[in-house]
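Read off the chains here:
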Amino acid sequence: MFVRVKKIGAYEYLYLVENAREGGRHVQRVIKALGRREEVAASGLIDGLIASAARHSCRAIVLSSFYRGQLPELHRRSIGPDLVFGRLWAETGCRDVLKSLVADRRFSFDVERAVYLTVLHRLMISGSDRHANDWCSRVRVPGAEGLDLDHAYKAMTWLGEVDAAGRSTAEAVEEALYRYRQPLFGAVSIAFLDTTTLWFEGAGGESLGQYGHSKDYRGHLKQVVLGIVLDDADRPIASFLMPGNTADVTLLLPVVKRLRERFGIREACIVADRGMISADTIAALEAENIEYILGVRERTSREARTEVIKDDGRAVPLVIPRQKGETELAIRETTIAGRRYVICRNEEEAKKDAAARTELVAGLERKLAQGDKALVANKGFRRFLKTPQGGGFVIDRAKVEADARFDGLFVLRTNTKIAALQVVLRYRNLLAVEDAFKTAKALLATRPIFHKTDAGIRGHVFCTFLALVLRKELMDRLAARRSRLEWQRIVDDLADLSEVEVEQDGRRARLRTAPGPTIDAICRAIGITLPPVFQEMPSAL
């Protein structure tokens with residue numbers, strides 16, 4: 001039943017109409033003519049009718065009272081996080097894999113739910129694991145009722161446990177997740193590998209926390225080395241954690257070995273940055289017939305510095321679209337004694353490098369005017385200085401000129417047969433690993449780490465890896481529907497989507513708040529529907 005407007009001449013008339021079925025077809029039957037529209041509005045007839053009908057509708061009464069601010073909230077919980085990430089947790093295999101691995105253990109609590117709660121908190125709020133304990137009380141997470149901080153710590157310790165063969169539970173989870181999803185994604189053809197460091201507030205466990213080269217500029221703190229492997233679609237497939245004093249050049253071969261033996265990835269091309277390259281590493285890769293694309297330390301490699309860069313072969317232009325503007329590269333390749341190199345020059349970066357060097361040299365000249373002691377605190381000055389006979393520092397103009405040869409330049413070494421342009425494009429995909437690190441560090445706030453045991457540290461970091469898996473899955477599904485949403489807006493809208501319990505006249509109800517602007521696109525991408533706006537609950541006792 002509804003009110004219909006019909007225009008007759010210059011006036012509009014209102015009718016109370018119902019849908020009916022007559023003779024096998026649907027018709028609209030007028031129950032009562034209410035009169036001219038302006039007269040009905042002035043008389044308040046419609047308002048009276050609505051008020052009268054509302055008295056017999058619990059839903060209308062409760063919603064109307066709530067929206068007018070006349071009903072206090074008995075309890076409010078955010079439902080958006082679990083609604084979305086709970087579905088992804090199940091569909092990516094995280095739920096089933098964890099349940100299967102913990103099935104033969106006799107825990108007094110639901111370990112899978114404790115891990116999921118930690119991962120969900122890492123996605124939504126981040127911060128310390130202690131904060132997750134308080135946050136959980138404001139979020140609906142089915143099955144997590146009664147879980148506390150101690151349960152989360154025990155679950156993370158389980159993830160970080162190492163068996164007699166030196167294999168952690170986290171590694172077993174990664175490998176099982178890969179096998180779970182492989183039928184959908186197919187075999188990995190490219191594996192991107194890079195490392196970063198995470199610092200500790202404290203001792204850093206029994207062995208993981210060590211002093212080393214900090215990529216976070218926290219050299220005075222103990223740290224751990226974190227590596228992540230992505231596939232050709234930028235999906236995280238593996239991670240590894242090493243003591244903070246581990247050199248990058250020693251990491252590539254163990255990771256490749258694990259990919260081949262544990263994951264069964266035998267034909268993938270390995271793409272890694274210049275920190276991973278060494279003569280022994282390359283020799284081992286070639287002995288195993290593994291394809292690779294590796295960055296070269298062009299400033300310290302004698303062959304790259306004296307022969308590769310000097311090669312005057314014909315350059316091929318490559319234009320790569322960016323979010324803002326384009327990246328223009330000039331690419332050429334050369335082969336020296338059977339070793340294939342690809343040389344790339346970015347003109348925009350070359351200008352930035354030249355400007356930075358000019359500024360550095362100008363600063364060096366000002367410091368020299370103040371005396372040699374003014375140079376003590378700045379290591380950047382050293383590469384452009386020399387000490388001629390007679391004492392004192394002077395600027396080495398030859399070093400300045402030689403440095404200009406490397407402006408905007410990077411060199412790759414590869415044993416693949418693909419075109420040079422494809423080599424460069426594959427190598428540039430390492431930026432996806434850097435984005436993953438930025439997400440892990442900034443958005444998911446993995447650092448600093450406060451855990452006191454190696455097992456707890458491994459579990460803490462692995463929860464971030466699982467969060468990266470879910471985040472990537474969500475963003476991929478949105479991209480497939482051409483929905484470009486900012487991560488922070490997604491998080492805010494999911495947090496705002498809540499259920500509110502209210503009570504009126506002895507009747508209790510659960511109301512769902514209005515969804516934010518990103519929720520509809522997210523629901524369509526994942527294939528979920530929102531709960532009803534109104535759900536009547538059993539009367540309060």
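Check the entry above for the structure.
Definitions and cut-offs
Residues numbered from 1 in each chain as written. Predicted model: local features only at pLDDT ≥ 70, side-chain atom pairs only at ≥ 80, totals over all residues. Heavy atoms only, no water. Helix = DSSP H or I, 4+ residues; strand = E, 2+ residues; numbered from the N terminus. Rg over C-alpha atoms; globule rule 2.2 N^0.38 Å. Buried < 20%, exposed > 50% of the residue type's maximum accessible area, 1.4 Å probe, protein only. Contact = heavy atoms within 4.5 Å. Areas by Shrake-Rupley, 256 points an atom, 1.4 Å probe, with all protein chains shown as cover. Lys, Arg positive; Asp, Glu negative; His and termini not counted. Charge placed at Lys NZ, Arg CZ, Asp CG, Glu CD. 1 Å grid on protein atoms, 1.4 Å probe; cavity = no way out; pocket = protein on both sides within 12 Å on 5 of 7 lines; lining within 4 Å. Points joined across faces, edges and corners; volume = space filled by probe spheres on them. Nonpolar A, V, L, I, M, F, W, Y, C, P; charged D, E, K, R; others polar. Polar contact = N/O pair within 3.5 Å; in protein donor to acceptor, adjacent residues only side chain to side chain. Core = buried A, V, L, I, M, F, W, Y, C linked by side-chain atoms within 4.5 Å. Salt bridge = Lys/Arg side-chain N within 4 Å of Asp/Glu carboxyl O. Axes fitted to C-alpha atoms, helices over the stretch in contact; angles between N-to-C directions. Parallel < 35°, antiparallel > 145°, perpendicular 65-115°, else oblique. Left-handed = near helix turned anticlockwise from the far one by under 90°. Pairing = 2+ DSSP bridges.

**Student:** Help me out: how do you make sense of the overall build of the chain in this one?
**Tutor:** Across its full length, the chain holds 19 helices and 18 strands. Its C-alpha radius of gyration of 32 Å places the chain more than 25% over the 24 Å reference for a compact globule of 541 residues. Once the C-alpha set of the chain is aligned to its principal axes, its extents read approximately 110 × 65 × 55 Å. Counting every position in the chain, which comprises 541 residues, the buried fraction comes to 46%. Of all intrachain contacts in the chain linking residues separated by at least 6 positions in sequence, the fraction that spans at least 24 positions is 62%. Taken as a whole, the chain presents about 28,400 Å² of accessible surface, with 50% of it coming from carbon and sulfur. One way to put it: in the chain the 84 positive side-chain charges average out to a point 2 Å from where the 72 negative ones average out.

**Student:** Got a minute to help me understand empty space enclosed by the protein in this structure?
**Tutor:** The gaps of empty space that remain are located by a probe, the size of a water molecule, rolled over the atoms. Considering all chains together, one arrives at 4 cavities of 30 Å³ or more under this definition. Reported here for the largest cavity is a volume of approximately 150 Å³. Around the largest cavity, the lining comprises 14 residues; the ones closest to its centre are Leu-177, Tyr-178, Arg-181, Pro-236 and Ile-237. When contributions to the lining of the largest cavity are tallied by element, the ones reaching two or more residues are α9 (169–185), β7 (236–243) and α17 (454–480). Ranked by residues supplied to the lining of the largest cavity, first place goes to α9 with 6 residues. For the lining of the largest cavity, the residue count by class is 8 nonpolar, 2 polar and 4 charged. The space that makes up the second largest cavity amounts to roughly 100 Å³. Leu-117, Ala-132, Asp-148, Leu-149 and Ala-152 are, among the 10 residues lining the second largest cavity, the residues nearest its centre. The class makeup of the residues in the lining of the second largest cavity is 6 nonpolar, 2 polar and 2 charged.

**Student:** Explain the side chain of Thr-513 here, please?
**Tutor:** If you trace the backbone, Thr-513 turns up in the loop between β17 (507–512) and α19 (519–526). For Thr-513, the side chain forms a polar contact with the main-chain oxygen of Asp-496, separated by 3.3 Å. Engagement of the side chain of Thr-513 in a polar contact is seen with the backbone nitrogen of Ser-498, the distance being 2.9 Å. Not counting residues up to four positions away in its chain, the partners in contact with Thr-513 are Arg-76, Asp-496, Leu-497, Ser-498 and Val-500.

**Student:** Sorry, what's going on with the layout of surface pockets here?
**Tutor:** When its volume is computed, the largest pocket comes out at roughly 1,900 Å³. Arg-428, Asn-429, Leu-431, Ala-432 and Asp-435 are, among the 46 residues lining the largest pocket, the residues nearest its centre. Listed by contribution, the elements that provide at least two residues to the lining of the largest pocket are β10 (316–321), α13 (347–369), β15 (409–414), α15 (420–428), α16 (431–443) and α17. If one sorts the elements of the lining of the largest pocket by residue count, α16 sits on top with 9 residues. When the residues that make up the lining of the largest pocket are grouped by side-chain class, the tally is 21 nonpolar, 7 polar and 18 charged. Its boundaries defined by the atoms lining it, the second largest pocket holds a volume of some 630 Å³. Around the second largest pocket, the lining comprises 32 residues; the ones closest to its centre are Glu-171, Phe-240, Leu-241, Met-242 and Arg-258. When contributions to the lining of the second largest pocket are tallied by element, the ones reaching two or more residues are α9, β6 (223–230), β7, α10 (252–261) and α17. Looking at the lining of the second largest pocket residue by residue, the class counts come to 17 nonpolar, 6 polar and 9 charged.

**Student:** I'm lost on the nonpolar core in this one. Help?
**Tutor:** Core analysis: the biggest nonpolar cluster contains 55 residues, and Phe-85, Trp-89, Val-115, Val-119, Leu-466 and Leu-474 have the highest contact counts within it. Those elements that provide at least two residues to this core are α4 (80–91), α5 (94–102), α6 (111–124), α8 (149–160), α9, α17, α18 (487–496) and α19. Aside from chain neighbours lying at most four places away, what touches Leu-474 is Val-84, Phe-85, Leu-88, Trp-487, Ile-490, Ile-522 and Ile-526. Counting 36 residues, the second-largest nonpolar core is a separate cluster that includes Tyr-178, Ala-191, Ile-343 and Phe-406.

**Student:** What should I look at first to understand the pattern of salt bridges in this one?
**Tutor:** When the charged atoms of two side chains lie near each other, side chains of opposite charge can form a pair. Scanning the model with the defined rule gives 36 salt bridges in all. Here Glu-303 makes a salt bridge to Arg-339, at a shortest N to O gap of 2.5 Å. Of the two residues, Glu-303 is situated in helix α12 (residues 302–308) and Arg-339 in strand β12 (residues 339–346); the sequence distance between them amounts to 36 residues. The class of Arg-339 is partly exposed, set by a relative accessible area of 27%. Within this structure, Arg-77, Arg-140, Glu-499, Glu-501 and Arg-510 form a network of salt bridges that share partners.

**Student:** Sorry, what's going on with the packing of α4 against α6 here?
**Tutor:** The packing of two helices is summarised by the inter-axis angle and the distance between the axes. The geometry of α4 relative to α6 is characterised by a closest axis approach of 11 Å and an angle of 120° between their N-to-C directions. It follows from the interaxial angle that α4 and α6 lie oblique. Relative to α6, α4 is oriented so that their crossing is right-handed. On α6, the residues touching Pro-81, Asp-82, Phe-85, Gly-86 and Trp-89 of α4 are Glu-112, Arg-113, Val-115, Tyr-116, Val-119, Leu-120, Leu-123 and Met-124. Partitioning the contact of α4 with α6 into residue classes produces 9 nonpolar, 1 polar and 3 charged.

**Student:** For this particular structure, what's the right way to read the pairing of β15?
**Tutor:** Regular strands show a simple pattern: their side chains alternate between the two faces of the sheet. Most of β15 sits out of view: 6 of its 6 residues are buried. Across the two faces of β15 the burial is the same, with Leu-409, Val-411 and Arg-413 and Phe-410, Leu-412 and Thr-414 all buried. With 4 bridges joining them, strand β9 (residues 292–296) and β15 adopt antiparallel strand pairing. The residue bridging Gly-295 from the neighbouring strand is Leu-412, located in β15. Bridge count for β12 against β15 is 6 bridges, and the pairing is antiparallel. Counterpart to Arg-340 in the pairing with β15 is Thr-414.

Keep in mind these values describe shape, not function.
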